[in-house]
Each structure stands twice: as C-alpha cells, then as structure tokens.
Amino acid sequence: MSYALIVAEVRRGIFEERNLDSIGICAQLGKETAMLLPEGQYSFNEKMVDSIVKVKAGEEVFLNPLNMAAIIGKIAETRGKPDFIVFTHSSSGTEAAAYTAGIFGFPVITDVSGYDKERGVFRKSYYSDKLFGEFKTIGESAAVLTVRSGSFKEFAAEKSAAPNEVSVEDVPVSDSRTFVEYVEEEKTDIDITKADFLLSVGRGVGNKDEIPAYEELAGIMKAVISGSRPVIDKMWLPKARQVGTSGKTVKPKVYLAMGISGAFQHIAGMKDADCIIAINKDAEAPIFQYAHYGIVADMHKVRDALKGILKG
Amino acid sequence: MNILVFTKRVPATQEEELRLISDGKDVDFSKLPFKVNDWDNYAVEEAVKIVEKGGGAVTAVSIGSAESDEVLRRAIAMGAKDGFLVEVDQALHDPFARSALIRNFIQKEGTPFDVIFTGVQSEDDQFASVGGILAALLKLPYVSMVIGIDSVEKDYMIVRRELEGGLQERVRVATPCVVSIQSGINEPRYVSIMGIRKASKVERKSFKGTDYDAGKDAHIELVQWTYPPKKGGAQMLTGELGDVCAKLMEILKEKGVYQ
Amino acid sequence: MLTQESHKALVCIQCGKCTGSCPESGKTLFNIRMLVRKKQFQAVVDESLPWYCTSCGACTIRCPRDVKPSEVIIEMRSALIENGSVPLALQKALENTFVQKNPWGRSRNKRAAWTEKLDFEVPHISETESKRLLFVCCIQAYDPRCMVIPVNVATILHRAGLEFGILGEEEACCGNEIRRVGEFGLFEELQEENIANFKEYGVKEIITLSPHCMNVLKKEYGDLGIKVSHYTELLAPMVKEGAIASKGSYNKKVIYHDPCFLGKQNGIFDQPREILKSVEGIDFLEFSRSRENSMCCEGGGGRMFFEVEATYKRNAEARVEDAISRGAEVIATSCPFCVMTLEDPATEKGLIVKELSEIMMEVL
C-alpha cells in the first residue's frame, strides 16, 4: 500500500516545527503519511498524519543514521516499502537521508523547496539560490527527500480521523557510532533571540577592526550586535551572536542587516523579523528580496553617517 | 593515520549573474572563474593538521574535468602527499552516481585509508549527500556536520557535530569511517602561488572515470534549470547619505526601537 | 621577467633616518631600523611586525646608503606568506585576486560596469587609433564611492577630445599592493596577464587613475616601451592651455593632501596643485607636512585589505584634525586609497573629502 514515511526531526523532547514541511510535501505528493518517532512524549497535532510509528528506542539511538537505516529496514519489512522517505533538511535529517539512500540504493534529493505535481519534478536550489535544478527520480524504487524549512508547511492539514499507532521493537543498535553528550555553547550574557533590535554585520564588514565601530553604533542605537556565518567563522564575533540555521533564529522588531548578502541559511534565521532593513553595496544582493527596506550603500559610510547624526 | 580527502573544483558564483543556455538545459560557465569548494578546503586543512600532529599522510582525490588538477595542486601545497584525478567529461549531477564512482574507484584501486573526509556539501549543487551515500556503499560508519575533532585514537575518533541553534553533540565513531567536515572547523592556511607552483612538481595521477563505470548508477536525472521566482522586494531608500540615514532613523522610531 | 629590487641590508649603518621618517614608528611597535638590523643578523622577527608597513617609501627615499628598507619588509612578508602565516583578511584579498583578479573578489565580468554611468561609449583599446589605455584600477571599478573617479576622468578626457580605450573585463589588478605584501608569485601572474594584453593590443600609452597603478606599471613592469602617466599629468597642461573649459566656481577652502605613491615616490606634486589652483573660487590651503613630507594616510602596503593591532590614533584622523585646524572645508587628494582612508574620520568630524576629478566636474 503506497505511503510516505516521515522521519520526524526531534531534539531533546522537542518536535521541530520544520516537520510541518515534511507533512506538507506529502500532501502535495498525495501520499498517506506515517510519522516515525522515538520513545517519549512529543507535542504536535497528531491528526496531521495518517499513522504514527513509535520506535522503542530513545532519541539518541533514533538520531543515529546507522540505526535509522536499520529502523527503516524493519518498517519496510512489516509495512511494505514506502514510496517516499521524508526528512527535514537539517543537520541530523540530511545526514540520515544520505546514509539511508546509500544503504537501500534509493534516489535522494535534498533541500527540496518545490514540487511540480503536473510534471512530477522536484525543485532544488543550486548556487545558493541563484538557480534551481528540476529533478525526476529514475526507476520505481522509493525516493528519499529532505525538505527545506518553510517550503511546504502551508499544505499541512488535519485529517478527518485520528492516526493509528504502531510500534517498532527490537531495533539493532550500532556500536560503530555512539552518542556521547550534548555540548552547549558557552554562556554569554547576551541572548540575541531576546533582543528587540538587532544590528547584524556580514561579510561586507571586511575586517575585525571595523567591528568596534559597529559595537559603538549599536550601543548608541540601543541595538544588540549579531552577525552572519562568515563573521563568526572568522571569529570576529562570538558564536552566540550568529544568526542563521547553524546559529540562532531571531524574530526582533527590527533587523538591521549591514553587509549581509542574504544567503538562504542566514535568511532562514531572521526572515520572520517584523522589519528587515538591509544595507549592501551590491544592488543585486539577494537580501533585498527579503527585506522590507533597502539601502544600496557602503555599510561603513552609513555607520559613520549614523554615528555623526546620533552623536552630534 | 592515512586520510583520503575529496576536493572539488567549483565555479565562483557569489558575485555573478548566472545565465541559462540551451533552453534551460545548461548553465553558461564560459565566463565564470573557478575555485576550490570552500568546505573541501576546510577538510583538506583538517586532514593535514591531523597528520602533522600524529603522523600519516593525506591523499587528495578530485572527481571532475581535467582542470580539477588545480584543486589537487592546492591540496598538495597545503600538505597532502599526493593527488588523484578521476576524470569525468560531464558533470555527474546525481550524488548517488558520484558516490558510486568513488566507491568503484577506491575498491578497484585498493586505495588504503583510515578515514575518508569530504566537505559537508559543495558550493554548486549543495546536495550534502556524497559523504553519507559513500559511507553506506562502503559499509562504513558516517558522521556529518563535523565542527571539531576532539581526539584521534587507534580505532576510533571523538568528534563534535554541529546541530541547530548553536548546540553541538559529541559523538564517538569507529575508524575506518567517513566524515563530512563543516566550514569553520579551522582556519585554512594560505596557499601562495609559489607554493602551488612547487606542488606542480608532485605527480598527480590521472584516471578515467569511464574505467569505473562513471554515471552508471544514476538514480535521479536533471530535467532542466530554472531561475528563482522573484520575490516582492524591498522598498529602497534613495538619495543623499544624510537624507537616507534620517529616513532610516524615522523607521526605527516608528517601529519603537529608538526614541 | 620580474624586475625585483633587492635590498642591501648589509650596508646599513643604523643611522635611524628610516625610523625617523616612518609613519608607523613611535606609535606602534614597528621600528624599521631595528628590522633591518635583524635582517643583517638573520634574527627572528615577531610575525606581526612586518605587516605594519604602509609602503609609503619614505625610508627608502631618505636612506643615505641605498639600503631600500621597504624591500627588506617585502622580503620578510614574502617569507611569512610562503610559511602560511598571513593575516586572515589579507588571505581573503589574495585569494580573491587569484580568482577574480581584484582583491575585493568582485566579479571580473563586471569590471567595466562603471561605463554604464557614462553618456557616451568607451571603446575597447583595440578599437582605438591612439592605443591610449585608461587603466581603471580595482577599487575604482567596483567600489561605489570610488566609481565616480573613472566616470569623471573619462568624461573630462572625452570632452577634451582625447581618445582613449579600456581593457574592460580583461584588465587585471596591477599588482602594486600584491607585490608590497610579498606575494611574488601572484604578482607575476597579474603582471604576465596585463603585459600579454598590452602587447596583444599594441598599447602605446597608459593613463592611470590610481598612483598605485602608475607606480607599478611605470617602474616594476619592466621596459615595455609604453609611456605611463597619472591622469593629473595630462590634465594639468590641458587646463593651462584652456583645453578644458571651466565655467563654474568652487567657493571652498580646499587643502591638498599629497598621496605617497604620487608625490614622494614619483615626484608629481605640481600638476595636482595647478589643476586645483586653476579652479575659480578655491581658497587653496597647504598642510605644513606637504609634498615630500606629506603624512602617509596608511592606506598602502596592503593595509586596505587587513588591519593591524592598533590602539593609536590613526594618521588619517590626525590629518583630518590638522585640516580642520587650518580652516579647511574640503580635503582634496588624487589617490583612491587616500580618499577611502581619509573619508572615514572626515565623515565623523564633518569634513568633506574630494578626489580631484570630483572638484573638476563641479566646475566644468
């Protein structure tokens, strides 16, 4: 019986909102859904899926791709092969998706952000969203997908009946790879997710000696400084200040993005800000697509002019 | 420790406008400059650092056109002992096909390794899948998004994976294994042009992808390319810098973040 | 192919004239005399020190023994580069130059985008009769603030009826800063590419917009049989002869800042002054540190691409304060790096920085 297996993204007892996109794409694909979860209580609207498959194993076993492949193998044995295996495009999701595809020899398409029902093609980003590639799977086997956050959740809808529940037991646990512990990032006194006004600097800041002047401006404006990945990779700002998928997701009243081009991973971390103001030298910078207001200018000049106005 | 690192030559697209040709079937690469894939650069640096500290050798491998020799020379200039080019004349879009080719190459050539490093993803297709598929095909354990290698022991490694929201997880993985390296794990050293010229003296062996059934295991096919949909876009503030800043301050006052 | 100047550290008598002239000495740990001494004894030098040099050239010009201390610095930097210990920001600039032939990493394909702001076509150099090349320069091709300079100069030359062409996307970074930071291999690559293009198109004359480009094309590209000049060298006589009609007036107190690569290193002091003084209404002021003694803005030596640990007051800030204390309203200069480094403190203190061509365009 045809169905899509959704591998839920969970972490420390939280059911991630991104799972709605997995549910949404299955609605577009017109497939019955079975959501796979580990042991434990997870709060989400269960009526969004047709069945729930609970694995008798904890999160840490579940999130290990080596075990996930074994779990999926068991499900295929008992329930039949799924037509699709859907993961979220996330750190653990993409890891498990690729490995699973390799184990079973299934096609895999990651970071899917669109699906054309008529033509049966999946759209996936290339060159940081400058182009999209449209792909078809070859052959009749199941296909593994990872879904881009925000792309399909509008299609997630409640079913008329409550889901049935099955469980998977006797899951073999690999000892080749094991979870040791979580590592929290160093506690700093600033939590950028709590700030109302973020002044965020990107690659355009040029070098770390420019940062103090931005910190000064942020101080005067009562904004909190944050940054995009390139600035944190170069260690010009601490990791706690990073906005983006591998940093923090923020929803301030105002997000002032200076010298940030607008790579998708960054946008994902701030697109829900009430007001996004982007300043960039490059009029073609993708961030202008997501911002509410834009200024094409050298960020340093704007910084200095603002300082002049505010101090004088 | 013998580390096999995969490195890819990709177009430098950050500042470029990309054009589609042949009715959307091809991308116009004719005027694009090329560079080493950023993630692979971090991977090569990490591999070199490990062998500098604990002994062993790094072998760089590149799957691509003949020009991919550039990224092999760069890896050698950074400290890799040698480089292998597996030449394919057409890009293999399907990560499965690429992984299968690598698996065939490694098994046929009997290339020795303790660990295989890949970058988390490549800047062009951003599939982030070759590492995982390859590990599965080689029946090796896999860890991706590795942001730190805490220790390298005789038959296992302790690594840290990057999760969302600044969280990391520490994982123990047995070797041999496949590891996908995340950007920011280290600070890659600078490679000077002289250094790359010196690296040219080290032999890079060339192999033909067709000898390893390149492309035979494709599971997906590229139908065509499209341009991204244009979004609404920002309201642009224009004029003299002083006026623009004044307008900006007005917006901030309006939003209630500045009095 | 590389006309490398070698230093003569061994003949240094440690008189200290170099350190006395150096814009970095006293304020920072950088002491050029001491570094030459260390070179004499092959002693270990702290890795951070060689990066302070701004390549102003004062030490080399004043040295009584022709030691060429600036070349000592370049050699030290070169050794650090081959070792891989390069400031991270500089690494990026060098890698960008390798890929896109400009340190900012901007698309090579957009190097001629500035011409879209003109109301006339600029031909490719191959299409000109005079084979007079306008060498644009990286920062002026891409940076919005500096892009006005080629637009202005092209317009002025066009109105004066002087034929010229550009290389457009084929122009590669001149390599002046690249050689100053010690990346000889990369400098050679750029030099080879540019020279091949000069030869292919039969270039006879080069007009540069940046004194840095002029310096390296004139003195370090070997004997190409091509006349290289800075645009002010052409404009000054044209202004004198009245070939460029000026109608308006610029009623401001303007102080002129001599760029190191134009002034002290290449002896071009009078032409920019003649151009400014010919403008109606200008109240022309001079710094006491002018001409050969001009204060380096600290934008050279690759320092546009990276920063050094510095807790001192920057020269640019001191220069702006000096200008204000002399009653200037505008600092005029003829180098894009001086414009950029002076403008940061100037904007904060309410002073305006103008490149010469900007003032000219206001009165034409």
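Predicted model only: the values in this text are computed from it and were never measured.

Q: Got a sec to walk through the overall build of chain C? Specific residues and values, please.
A: A count of helical and extended segments in chain C gives 15 helices and 7 strands. By the compact-globule yardstick of 21 Å for 364 residues, chain C fits well, its C-alpha radius of gyration being 20 Å. By principal-axis analysis of the C-alpha atoms, chain C measures approximately 60 × 50 × 35 Å. For chain C, with 364 residues in total, the buried portion stands at 63%. When contacts within chain C are restricted to residue pairs at least 6 apart in sequence, long-range pairs at least 24 apart make up 76% of them. In the structure as shown, chain C presents an accessible area of about 13700 Å², 48% of it carried by carbon and sulfur atoms. Measuring between centres, the 45 positive side-chain charges of chain C sit 5 Å from its 51 negative side-chain charges.

Q: Explain the pattern of salt bridges residue by residue, including any values.
A: Residues and elements named next belong to chain C. Using the criterion set out here, one finds 68 salt bridges over all chains in the structure. Its salt-bridge partner being Glu 286, residue Arg 273 comes within 2.7 Å of it at the nearest N-O pair. Taken as a pair, Arg 273 in helix H12 (residues 270–277) and Glu 286 in strand E5 (residues 283–286) lie far apart in primary sequence, 13 residues in all. A relative accessible area of 4% means that Arg 273 is categorised as buried. Using a relative accessible area of 30% as the deciding quantity, one classes Glu 286 as partly exposed. A salt bridge links Glu 362 to Lys 354; the nearest nitrogen and oxygen atoms lie 3.7 Å apart.

Q: Can you break down the pairing of strand E2 (residues 205–208) of chain C residue by residue, with the values?
A: Residue and element names in this part refer to chain C. Side-chain alternation along E2 places Glu 205 and Ile 207 on one buried face and Ile 206 and Thr 208 on a second face that is also buried. As paired elements, strand E1 (residues 132–135) and E2 share 4 bridges and run parallel to each other. Residue pairing for E2: Arg 132 is matched across the bridge by Glu 205. When E2 meets strand E3 (residues 227–230), the two strands line up parallel, connected through 4 bridges. Looking at E3, one finds that Ile 207 is bridged to Ser 229. In terms of handedness, the path from E2 via helix H10 (residues 211–219) over to E3 forms a crossover that is right-handed.

Q: Account for the interface of chain B and chain A, with residues named and values stated.
A: Each partner contributes residues to the interface: chain B has 84 residues there, and chain A has 87 residues. Carbon and sulfur atoms supply 60% of the area that chain B and chain A bury against each other, a total of about 7300 Å² over both sides. At the junction of chain B with chain A, the criterion picks out 5 salt bridges. Across the contact surface, chain B and chain A share 30 residue pairs in polar contact (both at pLDDT 80 or more). Among the secondary structure elements, those contributing two or more residues to the side of chain B that touches chain A are helix H3 (95–109), helix H4 (130–137), strand E9 (142–152), strand E10 (156–162), strand E11 (168–174), strand E14 (220–226), strand E15 (235–236) and helix H6 (241–254) of chain B. Ranked by the residues each element gives to the side of chain B that touches chain A, the list is headed by H6 of chain B, at 9 residues.

Q: How would you summarise the domain arrangement of chain A if you had to cite specific residues and measurements?
A: Domain annotation for chain A reports domain 1 (3–168) and domain 2 (192–311). Summarising the inter-unit geometry, the C-alpha centres of domain 1 of chain A and domain 2 of chain A are found 34 Å apart.

Q: Pulling in residues and values, what's your account of helix H11 (residues 231–240) of chain C?
A: Residue and element names in this part refer to chain C. For H11, the tally of buried residues reaches 7 of 10 residues, placing the bulk of the element in the interior. Taken together, the buried positions of H11 are occupied by Tyr 231, Thr 232, Leu 234, Leu 235, Ala 236, Met 238 and Val 239. The inward-facing, buried residues of H11 abut helix H7 (148–159), E2, E3, H12, strand E7 (352–355) and helix H15 (356–363). In the segment just after H11, Gly 242 is the residue with positive phi, at about 80°.

Q: Could you give an account of helix H13 (residues 315–325) of chain C, with specific residues and numbers?
A: Residues and elements named next belong to chain C. Within the sequence span of H13, burial applies to Asn 315, Ala 316, Arg 319, Val 320, Asp 322 and Ala 323. The arc that holds every buried residue of H13, seen down its axis, measures 160°, which confines them to one face. Residues of H13 that are buried make contact with strand E4 (253–257), strand E6 (330–333) and helix H14 (336–349). Gly 327 sits one or two positions beyond H13 and adopts a positive phi of about 90°.

Q: Break down the confidence of the model for chain C for me, with residues and values.
A: Residues at a pLDDT of 70 or more form 98% of chain C, whose mean pLDDT is 93. Predicted complex, confidence summary: ipTM 0.91, pTM 0.87.

Q: If you had to explain the confidence of the model for chain A to someone new, which residues and values would you point to?
A: Averaged over every residue, the pLDDT of chain A is 92; the share at 70 or more is 99%. Averaged pLDDT values for the elements of chain A fall to 82 in helix H7 (residues 264–270) of chain A and rise to 98 in strand E1 (residues 4–7) of chain A.

Q: Report on the environment of Asp 258 of chain C, specifying residues and quantitative values.
A: All names here are of chain C. Looking at where Asp 258 falls in the secondary structure, it is placed in the loop between E4 and H12. The residues touching Asp 258, leaving out its near neighbours within four places in the chain, are Phe 269, Arg 273, Ser 290, Arg 291, Ser 294 and Arg 319. Reaching out from Asp 258, the side chain makes a polar contact with the backbone nitrogen of Arg 291 at a distance of 2.7 Å.

Q: Which residues make up the interface of chain C and chain B, and what values do they have?
A: How big an interface is tends to be expressed through the accessible area that disappears when the partners come together. In this complex, chain C contributes 24 residues to the contact, which on the side of chain B involves 18 residues. Here chain C meets chain B over a buried area of about 1800 Å², counting both sides, of which 49% is carbon and sulfur. Looking only at chain C, the three residues that lose the most surface to chain B are Glu 82, Val 99 and Asn 109 of chain C, adding up to 24% of its buried area. Across the pair Glu 169 of chain C and Lys 31 of chain B runs a salt bridge, and its minimum N-O distance is 3.1 Å. On the surface where chain C and chain B come into contact, there are 10 residue pairs in polar contact (both at pLDDT 80 or more). Of all elements in the fold, only helix H4 (69–83), helix H5 (88–100) and helix H9 (184–200) of chain C reach the threshold of two or more residues within the side of chain C that touches chain B. At 7 residues, H5 of chain C tops the list of elements feeding residues into the side of chain C that touches chain B. In terms of residue class, the side of chain C that touches chain B is made up of 8 nonpolar, 7 polar and 9 charged.

Q: Can you break down the pairing of E1 of chain A residue by residue, with the values?
A: Residue and element names in this part refer to chain A. Residues Ala 4 and Ile 6 of E1 are buried on one face, and the alternating residues Leu 5 and Val 7, pointing to the opposite face, are buried as well. Note: E1 against strand E6 (residues 84–88), 3 bridges, orientation parallel. The residue of E6 that forms the bridge with Ile 6 is Val 86.

Q: Quick rundown of the sheet that holds E2 of chain C? Include the residues and the values.
A: Residues and elements named next belong to chain C. Strand order in the open sheet made by the 3 strands is E1-E2-E3, with parallel pairing throughout. Either end of the sheet is taken by a strand with one partner, and the two such strands are E1 and E3. Here the strands of the sheet are splayed against their neighbours by 20° on average, with no regard to which way each runs. Strands E1, E2 and E3 of the sheet are contacted by H10, whose axis makes an angle of about 160° with E3.

Q: How would you summarise the sheet that holds E5 of chain C if you had to cite specific residues and measurements?
A: Residue and element names in this part refer to chain C. With parallel pairing, the 4 strands of this open sheet are ordered in space as E5-E4-E6-E7. Each having just a single partner strand, E5 and E7 make up the two edges of the open sheet. When the angles between neighbouring strand axes are averaged without regard to direction, this sheet yields 35°. Pairing geometry for E4 and E5, over 4 bridges, is parallel. The partner of Lys 253 across the bridge, within E5, is Asp 283.

Q: Describe the state of the cysteines, and please don't skip the residues or the numbers.
A: All names here are of chain C. Evaluated as defined, the whole model comprises 0 disulfides over all chains. Free cysteine Cys 56: the closest other cysteine sulfur is in Cys 296, separated by 5.0 Å. Lacking any disulfide linkage, Cys 338 is separated from the closest cysteine sulfur, that of Cys 297, by 3.8 Å. Using a relative accessible area of 4% as the deciding quantity, one classes Cys 338 as buried.

Q: Provide a residue-level description of unusual backbone geometry, including the pertinent values.
A: A negative phi angle is the norm for most residues apart from glycine, just as the trans form is the norm for most peptide bonds. Omega for the bond connecting Thr 175 of chain B with Pro 176 of chain B falls within 30 degrees of zero, at 0°, which places this linkage in the cis form. Considering the arrangement of structural elements, one finds Pro 176 of chain B in the loop between E11 and strand E12 (177–181). Backbone geometry places Arg 12 of chain A, a non-glycine residue, at a positive phi of 50°. Judged by relative accessible area, Arg 12 of chain A falls into the partly exposed class, the value being 43%. Even without being a glycine, Asp 213 of chain B presents a positive backbone phi close to 60°. With respect to the helices, strands and loops of the structure, Asp 213 of chain B is situated in the loop between strand E13 (204–208) and E14.

Cut-offs and rules
- Sequence positions are assigned chain by chain, starting from 1 and proceeding in written order.
- Just so you know, chain letters begin at A and ligand numbers begin at 1, following the order they were written in.
- The predicted nature of this model means local features are confined to residues of pLDDT at least 70 and side-chain atom pairs, given and counted, to a pLDDT of 80 or more, with totals for whole chains, interfaces and linings taken over all residues.
- Only hydrogens and water are set aside; all other atoms, that is, all heavy atoms of the structure, feed into the side-chain values.
- Secondary structure counts use DSSP, requiring at least four H or I residues in a row for a helix and at least two E residues in a row for a strand, with both numbered from the N terminus.
- We compute the radius of gyration over the C-alpha atoms and compare it with the globule rule, which gives 2.2 Å times the number of residues raised to the power 0.38.
- When a residue's accessible area, from a 1.4 Å probe over protein chains only, is under 20% of the maximum for its type it is buried; when over 50% it is exposed; and in between it is partly exposed.
- Two residues qualify as a contact provided that any one of their heavy atoms is within 4.5 Å of a heavy atom in the partner residue.
- The Shrake-Rupley method, run with a 1.4 Å probe sphere, supplies the accessible areas, and residue values consider only the shown protein chains as cover.
- Counted as positive: Lys and Arg. Counted as negative: Asp and Glu, with His and the chain ends omitted from the count.
- Note on charges: their place is set at NZ of Lys, CZ of Arg, CG of Asp or CD of Glu.
- A side-chain nitrogen of Lys or Arg and a carboxyl oxygen of Asp or Glu constitute a salt bridge if their distance falls within 4 Å.
- Each pair of strands is called paired provided DSSP finds at least two bridges between the two strands.
- For crossovers, right-handed means that the path from the first strand over the helix to the second runs clockwise, given strands pointing away from the viewer.
- Accessible surface is computed with a 1.4 Å probe, and the buried area is the amount of it that two parts give up when combined, taken over both parts together.
- Whenever two N or O atoms come within 3.5 Å, that pair is a polar contact, provided that in protein one can donate a hydrogen and the other can accept it, and provided that, for residues adjacent in sequence, both atoms are side-chain atoms.
- What fixes the domain bounds is an automatic or database domain assignment.
- What the arc describes is the spread of directions from the helix axis to the C-beta atoms.
- Every residue gets a pLDDT, meaning the predictor's confidence in that residue, from 0 to 100.
- Put simply, Ala, Val, Leu, Ile, Met, Phe, Trp, Tyr, Cys and Pro go in the nonpolar bin, Asp, Glu, Lys and Arg in the charged bin, and everything else, Gly too, in the polar bin.
- In this analysis an axis means a line fitted to C-alpha atoms, helices contributing only their contacting stretch, and an angle means the value between N-to-C directions, from 0 to 180 degrees.
- Disulfides are defined in this document as cysteine sulfur pairs within 2.5 Å.

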